[in-house]
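What follows is each chain in one-letter form.
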Amino acid sequence: MSAPPVFDRAEAQRLAQDVYGLSLTIERLPGERDSNFLGRTDSGRNYVLKIIDAGADPLGADCQVRVLQHLAEQDPSLAVPRHSATVDGSDFGAFNRDGQSLSSCLLSFLPGRPLAETAAGECRLENVGEVIARMDRALQGFFHPALAQHLAWDIRRLPALRDSCQYIETADLRGPVEHVIGVLQERLPRLRALRAQAIHGDCHGGNVLIGGAGDVCGIVDFGDMIHAPVIFEPAVAMSELLTEGVVTDPAALSPLLEGYARLATLDGAEVDLLYDLITARHATTIVLHAWRGRHDPAGAALLEEAASRAAASLDGLLRLGPVALSREWHRVAGTGAPAGASIDLARRHRLLGAGAELFYDKPLHLVRGEGVWLYDAAGSAYLDGYNNVPHVGHCHPHVARAIARQTAVLATHTRYLHESILRYAERLLAGCPPHLDACIFVNSGSEANDVAWRMAQLATGHAGAVIMAHAYHGITEAVAALTPGAGESHDPRVVTLAPPPAGISAGDMMAASLQRAATADIERALHALMERGLAPGAFFLDTALTSSGIYDPPTEWAELLTSRIRAAGGLIIADEVQYGLGRSGSHFWGFERRGIVPDIVTLGKPLGNGYPMGAVLANRRMIEAFQRKFGFFSTFGGNPVAAAAGLAVLEVIERERLRENAAATGAYLRAGLERLAAAHPALGAVRGSGLLLGLEVLAEDAAAAKSLTHKIVNALAAGSRILIGSEGPAANILKIRPPLAFRPEHADLMIEAIGRAAATAREGA
Ligand code: PMP
């Protein structure tokens, strides 16, 4: 390092006048590389005048000026120095002194105390994080060739310092430092995969200035800027706070990261590496100090205190280990599990009501999902064999990105023109029979059924409804009447049909006796309506017959019922909330598998992969009659974000051939379950098709079967971390309804675990 050019105050004052046209009162400021002066005008404006070392890299100096110009343009109120041009408009003043060509640069002076000189608690670390993040955001578009500068402090270069470990005096310190270097070496490929940009790179406590209220009032010294992973920025700041002694407990650094993440989004992969980067920065301080001790004693003296604190702090960090700190950092950065894994049930009951349902004897606290996997707060993975809302897989990146992109652009409603809801409607309708040619968009399956029911009553003038026993169609007042639960509907306008014949499935012939029984049942139901002075307005059919017990009857069954309903003037409403979008495996729509052509189709759960959506598909004339009569507008239904989510889901289904997968994996799973059932006395018939399957649980009576089912479901969740549910009027059917990303290898895990759980639950019964 060359010494700063020797300049006195009178010379500096003359220079300010000649080059910048400013009359300044001058004081000297410290500087490692340059000669720095504080200049004050009569009106009280303060400047820093830098006389730049003749040996300094002109590219580096240029970078420092350009970055300040960039920041002034991108975030004018950011607390960084402002650069002033010379009287002739140049970025630098250029002059000769004693045959040396020197240059000068004039910046505004920022008041405040260095963060390094404040005591713990005197400054708001959260605000430090926020200001640094704001700066990094403004730096995103900045580039300069000097950012490729080779800096010994660049954390990525730590492995190159390995040889200098020999200068570390005690083996007690050398060992841990070498360990940290080894870990960082291994991390380099992951570091190289992280997003990188121009960063300040040296937000230590000397470069961050704190004002009276404990808030940041300045960030200075842009001489160590590099192009590097953006996570280096908070990592350096956090590490330096420890080695400067401003913070002694690493756990107390969280507010800085929290503030940073509030203004600049961090990725899980970045936060994962934070601990290693902080320890690596500590190691860098220790090794550089040791090297300087041998080669640059004056430089070593400058690092003395930092190095000894780094040694103690590194010891503390290594003792703590990465797990607890990383968990907390993920929490504050919003990239991981919330801390305090256990949720107080009493609090939940108080806030949501004790009747708010929970699955499993030991309720799960899930914090993350990916594909067919769910993760709880302790980090354990669960195979999801139950959830159909994440139709294309939990948090599918294509859908998540589509939602994020649209929500950042426009989120209005259908009272304004918007292209993508039309494209979505076209895509949904493209695979439907031609008379289904228009849509109404709502926010849930219940709302879709509610609209469909009003539409059917209007179209037919009939007020009666036919549903299946134990049907589930939703929660509004109108459709709750179509959701009878255990008994008959409480609503006299609603009649219930018996479930299809057990033991036969799609593709089988329906014996004449079974056809006669089904005919008698529908006649009975229609007669019951007639006796109440009603005719059927609609027959609602969940095409998977899920809550009725998961049935997959031959097409004759539905044909027989629907023709009779139609003859009596009723419409056929296919509720595709469960079976739609390819779950049956054989068809995109469940009604196709049932062999029926519905008048209205209702949709919900899987449409948005978690974004709340519902839809009603019908003939345009019917929809227009409904609109004329009632007017209809749903604030969120069909909004641009919903359209983006819906389109993305359809794209993934097609691209990843998920219907085909439901067929193939469903068949594979079914075969496995049938093998289990053959081998196990407590397991009976397999029901359903594709990736909506039921497995009957058998016991001496209904109560015992229900209890055994409950035990198996809970043993699977708690013991094997495999999630399924129970279904059916007697709650004796294992319900398997995973995201369509479920593959044969997942089916293997499930089959094996169900076999084990059935055996143990039975033994314990
Ligand atoms: N129809 C069927 C067949 C359903 O399974 C459900 C939900 N379980 C609904 C309608 C109601 O949908 P949502 O909960 O979105 O209102």
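Residues numbered from 1 in each chain as written. Predicted model: local features only at pLDDT ≥ 70, side-chain atom pairs only at ≥ 80, totals over all residues. Heavy atoms only, no water.

## Things to note about the overall build of the chain
Inference 1: Looking only at helices and strands, one finds 24 helices and 26 strands in the chain.
Inference 2: Computed over C-alpha atoms, the radius of gyration of the chain comes to 35 Å, more than 25% over the 27 Å expected from 2.2 N^0.38 for 765 residues, which places it beyond the range of a compact globule.
Inference 3: Expressed along its principal axes, the backbone C-alpha trace of the chain runs to roughly 115 × 65 × 45 Å.
Inference 4: Within the chain, buried positions represent 53% of all 765 residues.
Inference 5: A separation threshold of at least 6 residues defines the contact pool for the chain, and within that pool the share at least 24 residues apart is 73%.
Inference 6: Accessible surface computed for the chain: about 33,100 Å², of which carbon and sulfur atoms make up 53%.
Inference 7: Side chains of the chain give 69 positive and 84 negative charges; the mean places of these two sets differ by 4 Å. (Helix = DSSP H or I, 4+ residues; strand = E, 2+ residues; numbered from the N terminus. Rg over C-alpha atoms; globule rule 2.2 N^0.38 Å. Buried < 20%, exposed > 50% of the residue type's maximum accessible area, 1.4 Å probe, protein only. Contact = heavy atoms within 4.5 Å. Areas by Shrake-Rupley, 256 points an atom, 1.4 Å probe, with all protein chains shown as cover. Lys, Arg positive; Asp, Glu negative; His and termini not counted. Charge placed at Lys NZ, Arg CZ, Asp CG, Glu CD.)

## Topic: the packing of helix 2 (residues 58-74) against helix 3 (residues 125-139)
Inference 1: In contact at an axis separation of 9 Å, helix 2 and helix 3 are set at 100 degrees when each is read in the N-to-C sense. Put simply, helix 2 runs roughly perpendicular to helix 3. Contact residues: V67, H70, L71 and Q74 in helix 2; M135, A138 and L139 in helix 3.
Inference 2: Its residues assigned to classes, the contact of helix 2 with helix 3 comprises five nonpolar, two polar and no charged. (Axes fitted to C-alpha atoms, helices over the stretch in contact; angles between N-to-C directions. Parallel < 35°, antiparallel > 145°, perpendicular 65-115°, else oblique. Nonpolar A, V, L, I, M, F, W, Y, C, P; charged D, E, K, R; others polar.)

## Observations concerning the site of the ligand
Inference 1: Around the ligand sit S444, G445, S446, N449, Y472, H473, G474, D542, D575, V577, Q578 and K605, and that is every residue in its neighbourhood.
Inference 2: With respect to the ligand, the side chain of S446 contributes an N or O atom lying 2.4 Å from an oxygen atom.
Inference 3: Separating a nitrogen atom of the ligand from a side-chain N or O atom of D575 is a distance of 2.6 Å.
Inference 4: Within the complex, 82% of the 390 Å² of free accessible area of the ligand lies under protein.
Inference 5: Looking at which element gives the most residues to the shell around the ligand, the answer is helix 14 (residues 445-460), with three residues.
Inference 6: Classifying every residue of the shell around the ligand by side-chain character gives two nonpolar, seven polar and three charged. (Near = heavy atom within 4 Å. Polar contact = N/O pair within 3.5 Å; in protein donor to acceptor, adjacent residues only side chain to side chain.)

## What to know about the domain arrangement of the chain
Inference 1: Segmentation of the chain into domains returns domain 1 (9-108), domain 2 (113-318), domain 3 (367-390 + 658-763) and domain 4 (445-603).
Inference 2: Just the C-alpha atoms count here: the centres of domain 1 and domain 3 sit 72 Å apart. (Domains from an automatic or database assignment.)

## Comments concerning the packing of aromatic side chains
Inference 1: Counted according to the given criterion, the structure contains nine aromatic pairs.
Inference 2: Ring centres of F626 and F632 lie 5.7 Å apart, and the angle between their planes is 45 degrees; this geometry places the pair in the tilted category.
Inference 3: An aromatic cluster of at least three residues, connected via ring pairs, comprises F359, Y360 and Y386.
Inference 4: In this arrangement the basic side chain of R368 is found over the ring face of Y375, its NZ or CZ atom lying 4.2 Å from the centre.
Inference 5: The ring of Y551 is capped by R687, whose NZ or CZ atom sits 4.9 Å from the centre of that ring. (Phe/Tyr/Trp six-rings, centres within 6.5 Å; stacked < 30°, edge-to-face > 60°. Lys NZ or Arg CZ within 6 Å of the ring centre and 35° of its normal.)

## Remarks on the environment of D221
Inference 1: Mapped onto the secondary structure, D221 falls in the loop between strand 10 (216-219) and strand 11 (226-229).
Inference 2: Measuring from C-alpha to C-alpha, the distance between D221 and A643 comes to 48 Å, with 422 residues separating the pair along the chain.
Inference 3: If we ignore the near neighbours within four places in the chain, the residues touching D221 are H200 and N207.
Inference 4: A polar contact of 3.0 Å, which involves the side chain of D221, links it to the backbone nitrogen of G223.

## So, unusual backbone geometry
Inference 1: Phi at C395 is positive, roughly 50 degrees, even though this residue is not glycine.
Inference 2: Along the chain, C395 turns up in the loop between strand 14 (381-384) and helix 12 (397-407).
Inference 3: Look at R657: it is not a glycine, yet its phi comes out positive at around 50 degrees.
Inference 4: Assignment of secondary structure puts R657 in the loop between helix 21 (640-655) and helix 22 (658-679).
Inference 5: Overall, R657 belongs to the exposed group, its relative accessible area being 52%.

## Re the sheet that holds strand 18 (residues 536-542)
Inference 1: In space, the seven strands of this open sheet follow the order 15-21-20-19-18-16-17, with mixed pairing throughout. Only two strands of the sheet have a single neighbouring strand rather than two, namely strand 15 (438-442) and strand 17 (494-497). Between one strand axis and the next, the sheet turns by 20 degrees as a mean value, whatever way the strands run.
Inference 2: As paired strands, strand 16 (residues 464-468) and strand 17 are joined by four bridges and run parallel to one another. What sits directly across from V466, in strand 17, is V495.
Inference 3: Packing of helix 13 (residues 419-430) onto the sheet brings it into contact with strand 15, strand 20 (600-603) and strand 21 (614-618), and relative to strand 15 it is tilted by some 120 degrees. (Pairing = 2+ DSSP bridges.)

## A short note on the sheet that holds strand 13 (residues 373-376)
Inference 1: Strand order in the open sheet formed by four strands is 12-13-14-24, and the pairing between neighbours is mixed. Since the sheet does not close on itself, it has two edges, and those belong to strand 12 (366-370) and strand 24 (722-723), each with one partner.

## Looking at the side chain of D62
Inference 1: Topologically, D62 is positioned in helix 2.
Inference 2: Ignoring anything within four residues of it in the chain, the contact list for D62 reads F92 and H144.

## With respect to the nonpolar core
Inference 1: Formed by 120 residues in total, the largest nonpolar core has its most connected members in M455, I600, L617, L669, L673 and I754.
Inference 2: Of the residues forming this core, the biggest block, nine residues, is contributed by helix 21.
Inference 3: Taken domain by domain, this core gets at least three of its residues from each of domain 3 (367-390 + 658-763) and domain 4 (445-603).
Inference 4: Residue contacts for L673: discarding those within four places in its chain leaves V686, L693, L695, I736, I751 and I754. (Core = buried A, V, L, I, M, F, W, Y, C linked by side-chain atoms within 4.5 Å.)

## Focus: the pattern of salt bridges
Oppositely charged side chains are able to pair whenever their charged atoms sit close together.
Inference 1: A complete count under the given rule lists 35 salt bridges for this structure.
Inference 2: Note that R195 and E270 form a salt bridge whose closest N and O atoms lie 2.6 Å from each other. With R195 in the loop between helix 4 (171-192) and strand 8 (196-199) and E270 in helix 7 (residues 268-272), this residue pair connects regions lying 75 residues apart in the sequence.
Inference 3: Relative accessible area serves as the criterion here: at 0%, E270 is assigned to the buried category.
Inference 4: Residue R281 is joined to E240 by a salt bridge in which the shortest nitrogen-to-oxygen separation is 2.8 Å. (Salt bridge = Lys/Arg side-chain N within 4 Å of Asp/Glu carboxyl O.)

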